[in-house]
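The primary structure of each chain is shown beneath.
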Amino acid sequence: MKIVFATGNEGKMKEIRMIMSDLNIEIKSMKEAGIDIPINEDGLTFEENAKIKASAIADELARRGEEAIVLADDSGLEVDYLGKEPGVYSARYMGEDTPYSIKNANIIKRLEGVPDKERTARFVCVIAAAMPDGTSYQTRATIEGIIGYEERGTNGFGYDPIFYLPEYGKYSAELSPDEKNRISHRGKALEKMKEYLKNNKTFTDK
Ligand code: IMP
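This write-up is about the structure you can find in this document. (Residues numbered from 1 in each chain as written. Predicted model: local features only at pLDDT ≥ 70, side-chain atom pairs only at ≥ 80, totals over all residues. Heavy atoms only, no water.)

### A closer look at the pattern of salt bridges
Close approach of charged atoms lets side chains of opposite charge pair. Rules: The term salt bridge refers to a side-chain nitrogen of Lys or Arg lying within 4 Å of a carboxyl oxygen of Asp or Glu. In DSSP terms, a helix is any run of H or I states spanning at least four residues, a strand is any run of E spanning at least two, and both are numbered starting from the N terminus. Buried residues are those whose accessible area, probed at 1.4 Å on protein chains only, stays under 20% of the maximum for their type, while exposed residues exceed 50% and partly exposed ones sit between those limits.
Counting across every chain of the model gives 24 salt bridges. The closest approach of N and O atoms between E41 and K53, which form a salt bridge, is 3.7 Å. A residue pair is termed long-range when its members are at least 10 positions apart, and E41 in the loop between β2 (26-29) and α2 (46-64) and K53 in helix α2 qualify at 12 residues. Using a relative accessible area of 28% as the deciding quantity, one classes E41 as partly exposed. The shortest N-O distance in the salt bridge between K198 and E195 comes to 3.6 Å. Linking K198 with E195, this pair stays in helix α5 (residues 185-198), spanning 3 residues, or about one helical turn. In this structure K198 comes out as partly exposed when scored by relative accessible area, which is 35%.

This is the structure we're talking about:
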């Protein structure tokens, strides 16, 4: 049995491998599993998009006669002052290929003059599992923060340099990978998924 994770993002794969390492199961990215199919992420919620991705990969694996647990995540940044934008469009915000330095500067600009208490934001992560027996399961987690006034830190990716965590006194991009995995939306959603998998008969019967 193996896990195929429906992402092409190497930053995410690194986080996922670290968190899932104690499951002692091979974890492949889509690319490593040799899957390169277009997936239309046209859902309006994180839950819908995670499910769309997991089902598309599970269908492709079934077509090939391969058995795997398929996991897919959908995540993004919700900025309250911007009506929860960019939300499910976080990767596509201002165009998929636009550098994050530009996207981040744009968000800071749109919040010019907005006081701390109205700069609240959160990262959301939903993980969907498509199990080999046809069942499915989802976990969701968030991390709350505020949008900073400048970019800080060089770790992480995406919107990490503008996401300030008042509880930790640091920007997300200033956290070490270990620290981030312990507290992040993805880390917490993956931990919940790991607990589910550990108790699932695909593992317990192994
Ligand atoms: P997805 O790959 O469709 O889930 O899109 C997620 C997008 O949300 C990423 O491309 C980033 O823009 C943003 N995002 C999600 N998680 C994080 C994070 O941990 N740090 C920074 N940005 C994130």
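### Section: the site of the ligand
The cut-off we apply is this: Residue proximity to a molecule or strand is established when one non-hydrogen atom of the residue lies within 4 Å of it. A 3.5 Å cut-off defines polar contacts: any pair of N or O atoms within that distance qualifies, except that in protein one atom must be a possible hydrogen donor and the other a possible acceptor, and neighbouring residues in sequence count only when both atoms are side-chain atoms. With residues, only the protein chains shown are counted as cover, and all accessible areas are computed by Shrake-Rupley using a 1.4 Å probe. By the convention adopted, Pro, Cys, Tyr, Trp, Phe, Met, Ile, Leu, Val and Ala count as nonpolar, Lys, Arg, Asp and Glu as charged, and the other residues, Gly among them, as polar.
The immediate surroundings of the ligand are formed by 17 residues, with K12, Y100, D160, K180 and R186 found nearest. One of the side-chain N or O atoms of K180 is found 2.8 Å from an oxygen atom in the ligand. Within the contact set of the ligand, a nitrogen atom lies 3.0 Å away from a side-chain nitrogen or oxygen of H185. When the ligand sits alone it has 490 Å² of accessible area, and the protein chains cover 92% of it. Of all the elements in the fold, those that place two or more residues in the shell around the ligand are β3 (69-79) and α5. For the shell around the ligand, the class distribution of residues is 5 nonpolar, 5 polar and 7 charged.

### A word on the layout of surface pockets
Here is the rule: Using protein atoms alone on a 1 Å grid, points that fit a 1.4 Å probe yet trap it form a cavity, whereas open point sets bounded by protein on both sides within 12 Å along at least five of seven lines form a pocket; residues with an atom within 4 Å of a point count as lining. Grid points are joined across faces, edges and corners, and a volume is the space filled by probe spheres set on the points.
By volume, the largest pocket amounts to about 840 Å³. If you trace the largest pocket, you find 32 residues lining it, with T7, N9, K12, A91 and E96 closest to the centre. When contributions to the lining of the largest pocket are tallied by element, the ones reaching two or more residues are β3 and α5. For the lining of the largest pocket, the element with the most residues is β3, which contributes 5 residues. Its residues assigned to classes, the lining of the largest pocket comprises 12 nonpolar, 8 polar and 12 charged. Taken as a whole, the second largest pocket holds about 270 Å³ of empty space. Only α2, β5 (120-130) and β6 (136-147) provide two or more residues apiece to the lining of the second largest pocket.

### A closer look at the side chain of N49
Let me state the cut-off plainly: Throughout, a contact is declared for two residues whenever any of their heavy atoms are within 4.5 Å.
Within the secondary structure, N49 sits in helix α2. N49 sits in the buried class, given a relative accessible area of 0%. With sequence-adjacent residues up to four places away left out, N49 is seen in contact with E41, D42, G43, D74, V88 and R92.

### Observations regarding unusual backbone geometry
In the segment running from E85 into P86, the intervening peptide bond is cis, with an omega of -10°. Mapped onto the elements of the fold, P86 is located in strand β4 (residues 85-86). The phi torsion at N24 lies on the positive side, around 55°, for a residue other than glycine. Following the sequence through the fold, N24 ends up in the loop between α1 (10-20) and β2. Residue class for N24 comes out exposed when judged on its relative accessible area of 67%.

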